[in-house]
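Structural characterization, general
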Amino acid sequence: VNDMAYWVASYVLTTDLTSTQRLLILRRFIKIAHHCLQIGNLNGVFAIMAGLSKGSVQRLSKLWASLDQKVRGMYDELMALMQSERNYHSYREHMKTLKGAALPWIGVFLQDLTSLEETPTNTADGLVNFNKMRLLANVFRGVVKYQAQKFQFQLVPSIQSQLVRDVVGETDEKRLYELSLMAEPRPRRG
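First, a word on scope: everything that follows refers to the structure included in this document.

Our next topic: the overall build of the protein. Scanning the protein from terminus to terminus reveals 11 helices and 0 strands. Across the protein, helices and strands are ordered from the amino to the carboxyl terminus as α-α-α-α-α-α-α-α-α-α-α. Based on the C-alpha atoms only, the size of the protein along its principal axes is roughly 70 × 45 × 30 Å. For the protein, the residues scored as buried account for 36% of the 190 residues in total. Relative to all contacts within the protein whose residues are 6 or more apart in sequence, the contacts with residues 24 or more apart total 68%. Of note, the protein has its 24 positive side-chain charges centred 5 Å away from the centre of its 17 negative side-chain charges.

Right under this line is the structure:
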């Protein structure tokens, strides 16, 4: 997710773009993320939205103000899904509605496992904490459930190799902010 997020932010902040081109790229990423949502690729949604949520991209107020209402609505829907409130309640509810193959965001599974790791393995009387074991089994069952169902996409090796080769973004937050300032300088105080 991190590599993709940095790539998304870097792509939006590319220095040789006009404001119109930058807007088209922003719109395209939002539409791709929305399409990922529709096909059950929640990992892709989180990766793209993490890139668009970086401060260096969010500070581009003129760019965001240029988004049309329809695409802004898609963005807001995706952001609502990503919210961590109530232990990612919106995300978890959405996952329950999915039929067929899905690629969940691994971050929620890892958070659940980390939380369960902090729960004692034994009860106060020294017995096995079966509640913890049941909850762990539920997390692993969720992982296995999504691994068992396959997407029915046709592989396109040329696109795969290009993505592997080209998905390299700027990972230095300071440099991303510099690119952001070049794309949309701070307003001058008068």
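Picking up where we left off.
Another point: the packing of aromatic side chains. What the rule picks out here adds up to 9 aromatic pairs. With 5.4 Å between their ring centres and 45 degrees between their planes, Trp7 and Tyr11 make a pair best called tilted. Of this pair, Trp7 and Tyr11 both sit in helix α1 (residues 2–12), separated by 4 residues, roughly a single helical turn. Among the residues examined, Trp7 registers a relative accessible area of 17% and is labelled buried. For Tyr11, a relative accessible area of 40% translates into the label partly exposed. Ring geometry for Tyr11 against Phe29: centres 5.9 Å apart, planes inclined by 85 degrees, an arrangement best described as edge-to-face. Note that Tyr11 is positioned in helix α1 and Phe29 in helix α2 (residues 19–39), a separation of 18 residues in sequence. Judged by relative accessible area, which is 5%, Phe29 ranks as buried. Stacked on the ring of Tyr6, the Lys or Arg Lys54 has its end atom at 4.1 Å from the ring centre.

Together, Val128, Phe130 and Met133 give the surface a local cluster of nonpolar side chains, amounting to about 290 Å² of exposed area. For Phe130, the position within the fold is in helix α9 (residues 130–148). We classify Phe130 as exposed; its relative accessible area is 62%.

What follows covers the pattern of salt bridges. For the coordinates displayed, the defined rule picks out 6 salt bridges. A salt bridge links Glu173 to Lys54; its shortest N-O distance comes to 3.1 Å. Here Glu173, found in helix α11 (residues 173–183), pairs with Lys54, found in the loop between α3 (42–52) and α4 (55–58); they are 119 residues apart in sequence, far enough to count as distant. Given a relative accessible area of 39%, Glu173 falls into the partly exposed group. By relative accessible area, which is 15% here, Lys54 ends up buried. For Asp112, the salt bridge is made with Arg92, and the minimal N-O distance between the two is 2.6 Å.

Cut-offs and rules
Residues numbered from 1 in each chain as written. Predicted model: local features only at pLDDT ≥ 70, side-chain atom pairs only at ≥ 80, totals over all residues. Heavy atoms only, no water. Helix = DSSP H or I, 4+ residues; strand = E, 2+ residues; numbered from the N terminus. Buried < 20%, exposed > 50% of the residue type's maximum accessible area, 1.4 Å probe, protein only. Contact = heavy atoms within 4.5 Å. Lys, Arg positive; Asp, Glu negative; His and termini not counted. Charge placed at Lys NZ, Arg CZ, Asp CG, Glu CD. Phe/Tyr/Trp six-rings, centres within 6.5 Å; stacked < 30°, edge-to-face > 60°. Lys NZ or Arg CZ within 6 Å of the ring centre and 35° of its normal. Patch = residues over 30% accessible without salt bridge, like charges linked within 9 Å, V, L, I, M, F, W, Y side chains within 5 Å. Areas by Shrake-Rupley, 256 points an atom, 1.4 Å probe, with all protein chains shown as cover. Salt bridge = Lys/Arg side-chain N within 4 Å of Asp/Glu carboxyl O.

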